[in-house]
Amino acid sequence: WLYVVDKFIKFPELYTAVLDPSKESLETSKKLKTNDKNFVVLLNNDIKDLDYKLSSSYSTERLKLSIRSILGDFSNAVAYLINGNSGFTSDSKFPFISKEFDKRNVKFIDINKFDMIEEKGNQLDISFGQIMNQAKENNTDLIFISASNYLKLKPLILKYKKEGYKFINSASALLELLKKL
């Protein structure tokens, strides 16, 4: 994991890393910030680190502590992501969590607004190609992709750049999306 992070930090390309709240991710976020790279934080039921866990079994006071820890430790995050189709958003405590973030002027972006590229056999190139071929001029599409899949697609991305497709800083696109929420 750290090897991948160190490798990506040196990339000149504009990207935004997706981190889950954890002590390891906190260290990664510091490396990213030091190297002028952007990151977002993904909130879900899979958070393991007790300082950041947002469990439905927690009291509201305990949830407030987790929220303060997330927002304090990851204050340089461009945005906070959720999966609107997951159990996290249908959880009984989610309205409270959402309200606490909202009180601090923090909005969530649903990852379902992104084009998801996941490797399924040899279909990675095809999925990416379909997204690129459906792209409309002057329209911004957000693509959610793992670091390993990005590395596999890098030659194809360069091909599309040569054809005239423009890849912009995802952080800028996320900030524009947040303005619309």
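Coordinates for the structure precede this section.
Conventions adopted
- Residues numbered from 1 in each chain as written.
- Predicted model: local features only at pLDDT ≥ 70, side-chain atom pairs only at ≥ 80, totals over all residues.
- Heavy atoms only, no water.
- Salt bridge = Lys/Arg side-chain N within 4 Å of Asp/Glu carboxyl O.
- Helix = DSSP H or I, 4+ residues; strand = E, 2+ residues; numbered from the N terminus.
- Buried < 20%, exposed > 50% of the residue type's maximum accessible area, 1.4 Å probe, protein only.
- Phe/Tyr/Trp six-rings, centres within 6.5 Å; stacked < 30°, edge-to-face > 60°.

Asks: Could you give an account of the pattern of salt bridges, with specific residues and numbers?
Replies: Taken as a whole, this structure holds eight salt bridges when the rule is applied. One salt bridge in this structure joins Asp 51 and Lys 23, with 2.9 Å as the shortest N-O distance. One end of the pair, Asp 51, is in the loop between β2 (38-42) and α3 (60-73); the other, Lys 23, is in helix α2 (residues 23-34), and 28 residues separate them in sequence. Taking the shortest distance from any N to any O, the salt bridge between Glu 61 and Lys 64 comes out at 3.7 Å. Separated by three residues within a single helix, Glu 61 and Lys 64 lie in helix α3, roughly one turn from each other. We classify Glu 61 as partly exposed; its relative accessible area is 48%.

Asks: So what's going on with the packing of aromatic side chains? Which residues, and what values?
Replies: With the rule as written, the count across this model stands at 10 aromatic pairs. Measuring from ring centre to ring centre gives 6.3 Å for Phe 11 and Tyr 150, while their planes differ by 45 degrees; the resulting arrangement is tilted. Placement of Phe 11 in the loop between α1 (2-9) and β1 (16-19) and of Tyr 150 in helix α7 (residues 147-162) is noted, with a sequence separation of 139 residues between them. No difference in accessibility class separates Phe 11 from Tyr 150, as the two residues are buried.

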